Structures are given as structure tokens and as C-alpha cells.
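The lines below spell out each chain.
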Amino acid sequence: ALNNLFAANDVLVVGKEDGIWVYNRVANDWSAADQFKDLTPEFQRQPHPDNFLKGVEWAGWLYLATRRGVMRFNGTAIEDVSDDFSGPQLADFGGRVKAFAVDSNTAYMVMDTPSTDASATKSAWLLRFHEIDEGQGGTRIVVTPHTKLSLPDIQEAYTFYNATNTHMYIAGRVFETGTTY
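Residues numbered from 1 in each chain as written. Predicted model: local features only at pLDDT ≥ 70, side-chain atom pairs only at ≥ 80, totals over all residues. Heavy atoms only, no water.

Trainee: Teacher, can you tell me more about unusual backbone geometry here?
Mentor: One can expect most non-glycine residues to show negative phi and most peptide bonds to be in trans. If you check the backbone angles, D10 has positive phi at about 65° while not being a glycine. You can see D10 is positioned in the loop between β1 (2-8) and β2 (11-16). By relative accessible area, which is 60% here, D10 ends up exposed. Located in the positive-phi region is A59, a residue other than glycine, with phi close to 55°. Examined against the element boundaries, A59 turns out to sit in the loop between β5 (55-58) and β6 (61-66). (Helix = DSSP H or I, 4+ residues; strand = E, 2+ residues; numbered from the N terminus. Buried < 20%, exposed > 50% of the residue type's maximum accessible area, 1.4 Å probe, protein only.)

Trainee: Just checking my understanding: could you explain the sheet that holds β5 for this structure?
Mentor: In a beta sheet, neighbouring strands are held together by backbone hydrogen bonds and run either parallel or antiparallel to one another. One open sheet holds the 4 strands; their spatial order is β5-β6-β7-β8, and the pairing between them is antiparallel. Each edge of the open sheet carries a strand with a single partner, namely β5 and β8 (78-80). Strand-to-strand twist across the sheet, computed as the mean angle between neighbouring axes with direction ignored, equals 20°. Where strand β7 (residues 69-73) and β8 come together, 3 bridges link them in antiparallel fashion. The partner of F73 across the bridge, within β8, is I78. (Pairing = 2+ DSSP bridges. Axes fitted to C-alpha atoms, helices over the stretch in contact; angles between N-to-C directions.)

Trainee: Please clarify how the nonpolar core should be interpreted in this entry.
Mentor: Nonpolar side chains tend to gather and get buried jointly when the protein is soluble and globular. Core analysis: the largest hydrophobic core is formed by 19 residues, its most contacted members being Y63, F85, F100, M109 and F129. Breaking this core down by element, the ones donating at least two residues are β5, β6, β9 (97-102), β10 (107-112), β11 (124-135) and β12 (138-149). Ranked by size, the runner-up nonpolar core spans 12 residues in total, among them V11, V13, V22 and L62. (Core = buried A, V, L, I, M, F, W, Y, C linked by side-chain atoms within 4.5 Å.)

Trainee: Looking at this model, I keep getting lost on the sheet that holds β9. Mind explaining?
Mentor: Strand order in the open sheet formed by 4 strands is β9-β10-β11-β12, with antiparallel pairing between adjacent strands. Either end of the sheet is taken by a strand with one partner, and the two such strands are β9 and β12. Pairs of neighbouring strands in the sheet enclose a mean axial angle of 25°, with direction left out of account. Relative to β10, β9 is paired through 5 bridges, and the arrangement is antiparallel. Across the sheet, residue A101 finds its bridge partner in β10, namely Y108.

Trainee: Where do I start with the side chain of N51 in this structure?
Mentor: Within the secondary structure, N51 is located in the loop between β4 (35-38) and β5. Those residues in contact with N51 that lie beyond four places of it in its chain are N3, K16, E17, F43, Q46, A65, T66 and R67. (Contact = heavy atoms within 4.5 Å.)

Trainee: Please clarify how the pattern of salt bridges should be interpreted in this entry.
Mentor: Once their charged atoms are close, side chains differing in charge can pair, the charge on each being opposite to the other. Per the stated rule, a full pass over the model turns up 6 salt bridges. In this structure, R72 and E131 form a salt bridge, with 3.2 Å as the shortest nitrogen-oxygen distance. Separated by 59 residues along the polypeptide, R72 in strand β7 and E131 in strand β11 bring together distant segments of the chain. Overall, R72 belongs to the buried group, its relative accessible area being 5%. Taking relative accessible area as the criterion, E131 reaches 25% and is therefore assigned partly exposed. The partner of E134 in a salt bridge is R140, and the shortest N-O contact between them spans 2.7 Å. Overall, E134 belongs to the partly exposed group, its relative accessible area being 48%. Overall, R140 belongs to the partly exposed group, its relative accessible area being 39%. (Salt bridge = Lys/Arg side-chain N within 4 Å of Asp/Glu carboxyl O.)

Trainee: Which parts of the structure should I look at to understand the environment of A99?
Mentor: Among the secondary structure elements, A99 is positioned in strand β9. Owing to a relative accessible area of 1%, A99 belongs among the buried residues under this scheme. The spacing of A99 and G55 is 44 residues in sequence and 7.7 Å in space, taken between C-alpha atoms. Setting aside anything within four residues of it in sequence, one finds A99 in contact with Y108, M109, V110, I154, Q155, E156 and A157.

What follows is the structure, encoded as C-alpha cells:
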């Protein structure tokens with residue numbers, strides 16, 4: 001099933017349950033032009049409705065959430081950057097990506113806590129991430145926890161600008177015993 005459509009560096013990217021597909025406008029790689037090409041055939045054996053559902057373009061990369069982590073695509077290369085967003089040093093977050101948002105110089109991600117808890121008290125984290133230059137062409141993603149959110153089922157995050165400030169709006173569902181708002 002088709003999950004979402006994205007644009008990255010003048011390339012149409014189709015997020016599906018079973019992978020990332022890109023539209024090949026011209027035949028510059030010895031393949032057929034005017035066709036879609038599967039960049040992640042490994043996901044054909046692991047389809048999931050959450051794969052490539054959420055994504056955001058920032059700093060030349062399209063960041064995409066999968067059931068198992070985060071991948072990024074720059075129009076030609078695809079990288080699994082999941083380890084940058086989870087790990088033993090990040091005990092409070094590292095679950096599923098729920099939303100992305102960007103402003104002029106920062107990217108944000110809302111991520112579940114890494115528990116199987118689905119109750120009304122489950123929390124999520126708003127994370128800030130950016131890339132730093134390590135010299136000699138190497139870069140590294142740095143993740144900083146911004147704030148803990150008490151909204152258990154976050155669906156989207158958006159940033160809006162006015163003359164002096166950036167505002168972020170986070171949308172989701174609030175649960176009360178027996179009721180979903």
C-alpha cells in the first residue's frame with residue numbers, strides 16, 4: 001500500500017509499506033527511464049503500515065521513519081541512521097518516530113519512549129537533531145532531547161513562522177478512561 005509521497009532533491013519518492021520507490025525520469029544509470037525503482041528491496045520481506053509513513057526534507061536529506069528506525073535519502077544515496085537516534089546512552093527515548101518538523105536551521109522529531117506501554121500515561125520526546133561536520137568529508141548526527149511530552153498518541157508536528165518567532169504545533173489524541181478525544 002502507498003503510505004506517503006515526498007520530494008527530495010528534485011526526485012519523487014514514494015513511501016510504501018514495502019520500501020522506498022523513486023521515479024527514474026531519465027536512464028542515466030543503465031536502467032529504464034520513466035519507471036519507478038525500488039531502493040530498499042529488503043523491506044519487501046518486512047512490510048509494515050508504519051514504514052515510510054512519516055518523513056521530512058532537511059539540509060539536503062529526506063529523513064524517513066520506518067518500523068525499525070530512521071533512514072535518509074539525498075536523491076542518490078540511502079543511509080540507515082537509526083543508531084544515531086537510539087542506543088544505550090539514550091535510555092529515555094528510542095522508540096517509534098511519531099512525527100517530524102523543521103524550522104530554518106533545526107530539525108525536530110517526536111519519538112515514543114521505548115516501552116510497549118500503550119496507556120494514557122505513556123509519554124513521548126521532542127528531539128532536536130542536526131548534523132555536524134567532523135572534517136575530511138565526515139559528518140555526524142547529534143540528537144538533543146528538547147522536552148518530554150505527556151501526549152501519548154502524537155500524529156503530526158508542524159512549525160509556523162511570524163516576524164520574530166517560530167511556533168511548533170503538535171497534534172494527537174488525548175486519552176481518558178474509556179474515552180478518546
